[in-house]
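# Overview (structure and organization)
These are the residues of each chain, in order.
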Amino acid sequence: CFDPTENVDGASMVPVALSAHLHPPTGGIQWVPEPYSPDNNPAVLQQLRLWYPPMLLDTYRATRFNEAICFQVQKFNDMHGRAPLVLDIGTGTGLLAMIAARAGAAHVIACEMYPGLCALARGIITDNGLHDRITVIEGKSTSITDITSVIQNLNVSDSTASAIAGLEKCDMVISELLDHTLVGEGVLPALRDAYHRLLVPGAPTVPRGGRVYVVPIEAPALRRYQCADGSHAGGVLLPVRLRELLANADSAKCLTAPVDTGLVFDFATHASAFAHAVNAQVSVDISTGGGIVDAIGVWWDLDLGDGGAWYSSAPAAQDMQGFQNHWSPCVTVLKQSQSVAPGTTLHIQVCCDGDTDLKVHHILPHSPVSHPAASCGSTVSSSTAVTSSHEAPRAHNTGDAPYCL
């Protein structure tokens, strides 16, 4: 995409994106240009086409969020004798905001940074008869300079105005600023700012946090992402349909049961304080027949609150979730594959530097395995931040070796 105001040789540059479409006469692919407008940024639209259909089709995710939000709204009402004023950060299509409104929130202030999505959310909310219960604000929550003024100037009914009269900040926050490594979309800085400026002290948040798991993997198909000179950017996380990889690829297997790293993200407690690098290390014993470590698998469990609702990106989660339509596990590919014998202890290190850069490394006895030279595969870096564990780990399938998730 180009800056639409830029001139080259006296001509205005208009940004476009090319989308692949079926060409009916030939059955092949044709590339169709999509013109730019302020509300129709092709780069943004392309990303939304990738994000939202699978996310909205993930009915298990929607059900768990619905349970958690309804629980927190009712709990607030029981404790305070009134309905909460809810802040929704990154409302997208407005789904979570509508859940909160239908659960009985006094009103929902929903922030969305993309203009096109704001218009879409407003239309969906209106179609569902909730336009008087939800206010969509265009922009990031961090761009709200005076939350009290926003509350006082909401265009609401007299009954709602009476219910929120005197409120200076929001009572509760909901969000879904999550990626494959849990907090790579910036949930920590967003919530840090919200707790500092926009929320009452101790405001409940949905989701509340999460926990990270790792597992060493033998998967020849992943060796293409190694470099012949061993210069691959170790620790970078790649989203992978790990269950399908393990089920369909020859010789692919997990070399141990899933390992709870003991690293917990507590969005409400730690978001305001987290601002430094954190390193943690877990030891894993190879108790099966050994094998070759090609990568480390990474996933998370999402704690949706004290109502007991959970969501997991684990490949073993199909037994409760069905096919995972949205978030998937990640892998970090080793610079060089490592041969491990039964009884070998692997040391896996999770490193976080700041809010948005989670990387996972391994420390092994140096037993590299030679493979045919491969070119470097492209990688996508994700991010997160970690704190120490304070809750019981979630159970994962740990059947007999080899561990197929």
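Residues numbered from 1 in each chain as written. Predicted model: local features only at pLDDT ≥ 70, side-chain atom pairs only at ≥ 80, totals over all residues. Heavy atoms only, no water.

### So, the overall build of the protein
So the rule is basically this: In this text, helices come from DSSP runs of H or I with a minimum length of four residues, and strands from runs of E with a minimum of two, each type numbered from the N-terminal end. Relative accessibility under 20% of the residue-type maximum defines a buried residue, over 50% an exposed one, and the middle range a partly exposed one, all with a 1.4 Å probe and only protein chains included. In this description, contact between two residues means that some pair of their heavy atoms is separated by no more than 4.5 Å. Here, Shrake-Rupley sampling with a 1.4 Å probe gives the accessible areas, and only protein chains in the shown set may cover a residue.
Counting secondary structure elements, the protein contains 10 helices and 20 strands. The 405 residues of the protein split such that 48% are buried. For the protein, long-range pairs separated by at least 24 residues make up 78% of all intrachain contacts whose partners lie at least 6 apart in sequence. Per element, the accessible surface of the protein, about 18,000 Å² overall, is 53% carbon and sulfur.

### Quick word on the sheet that holds strand β5 (residues 85-89)
Note the following rule: Strand pairing requires that DSSP identify at least two bridges connecting the strands. Fitted lines through C-alpha atoms serve as axes, helices being fitted only where they are in contact, and the angles separating the N-to-C directions of these axes extend from 0 to 180 degrees.
Spatial ordering of the open sheet is given by β7-β6-β5-β8-β9, a layout of 5 strands whose pairing is parallel. Looking at which strands have only one partner, the edges of the open sheet turn out to be β7 (134-138) and β9 (205-206). Inspection of the sheet shows strand β8 (residues 172-175) paired to β9 by 2 bridges, in the parallel sense. Across the sheet, residue V173 finds its bridge partner in β9, namely T205. Across the face of the sheet, helix α7 (residues 187-198) comes into contact with β5, β8 and β9 while running at roughly 150° to β5.

### Observations regarding the nonpolar core
Put simply, the rule reads: Side-chain atoms within 4.5 Å link the members of a nonpolar core, which is a set of buried Ala, Val, Leu, Ile, Met, Phe, Trp, Tyr and Cys residues.
Within the largest apolar cluster, 81 residues are counted, with the highest numbers of intra-cluster contacts made by I69, L87, I134 and F267. Not counting the four nearest positions on each side in its chain, I69 is found in contact with L96, I99, A100, M172, I174 and V206. Counting residues in each nonpolar core, the second largest holds 17 residues, with Y213, A219, A295 and W299 among its members.

### Let's talk about the packing of aromatic side chains
To describe a pair of aromatic rings, you give the distance between the ring centres and the angle between the ring planes. Basically, it comes down to this: We call Phe, Tyr and Trp rings a pair once their centres come within 6.5 Å, taking the six-membered ring for Trp, and we label the pair stacked below 30 degrees between planes, edge-to-face above 60, and tilted otherwise.
Across all of its chains, the model carries 4 aromatic pairs by this definition. Relative to Y311, the ring of W300 lies with its centre 6.3 Å away and its plane at 35°, an arrangement referred to as tilted. With W300 in strand β15 (residues 291-303) and Y311 in strand β16 (residues 310-312), this residue pair connects regions lying 11 residues apart in the sequence. Owing to a relative accessible area of 1%, W300 belongs among the buried residues under this scheme.

### Here's the deal with unusual backbone geometry
Of note, the bond from V206 into P207 is cis; its omega dihedral lies within 30 degrees of zero at 0°. For P207, the location among the structural elements is in the loop between β9 and β10 (209-218).

### Notes on a nonpolar patch on the surface
Stated precisely, the cut-off is as follows: A residue counts toward a patch only above 30% relative accessible area and without a salt bridge, and it is joined to like-charged neighbours within 9 Å or, for Val, Leu, Ile, Met, Phe, Trp and Tyr, to nonpolar neighbours within 5 Å. Here, a salt bridge means any side-chain nitrogen of Lys or Arg that lies within 4 Å of a carboxyl oxygen of Asp or Glu.
A cluster of nonpolar side chains, namely L18, I29 and W31, defines an oily patch on the protein surface of about 380 Å² accessible area. The topology assignment puts W31 in strand β4 (residues 28-35).

### So, the pattern of salt bridges
Within the structure shown, the criterion is met by 7 salt bridges. With its nearest N and O atoms 3.2 Å apart, the salt bridge here joins E176 to R61. A residue pair is termed long-range when its members are at least 10 positions apart, and E176 in the loop between β8 and α7 and R61 in helix α2 (residues 59-80) qualify at 115 residues. Pair check on accessibility: E176 and R61 agree, each one buried. Of the charged contacts, one joins R197 and D193 as a salt bridge, the two residues approaching to 2.7 Å between their closest N and O atoms. Here D193 and R197 lie together in helix α7, a separation of 4 residues that amounts to about one turn. A relative accessible area of 17% places D193 in the buried class.

### As for the environment of K169
Assignment of secondary structure puts K169 in the loop between α6 (158-164) and β8. Among the residues examined, K169 registers a relative accessible area of 30% and is labelled partly exposed. Between the alpha carbons of K169 and R197 there is a distance of 8.0 Å; along the sequence they are 28 residues apart. In contact with K169, not counting residues within four places along its chain, are L85, I147, I151, H196, R197, L198, L199 and V200.

### Focus: α2
In plain terms, the rule: To estimate how far a helix should extend, the number of its residues minus one is multiplied by 1.5 Å.
Compared with the 32 Å implied by 1.5 Å per residue over 22 residues, the 31 Å span of α2 between its first and last C-alpha is a close match. Phi turns positive, to about 75°, at G81, one or two residues after α2.

### Some details on the environment of C70
Mapped onto the elements, C70 comes out in helix α2. Residue C70 is classed as partly exposed on the basis of its relative accessible area, which comes to 29%. Distance from C70 to I99, taken between C-alpha atoms, is 7.5 Å for residues 29 residues apart in sequence.

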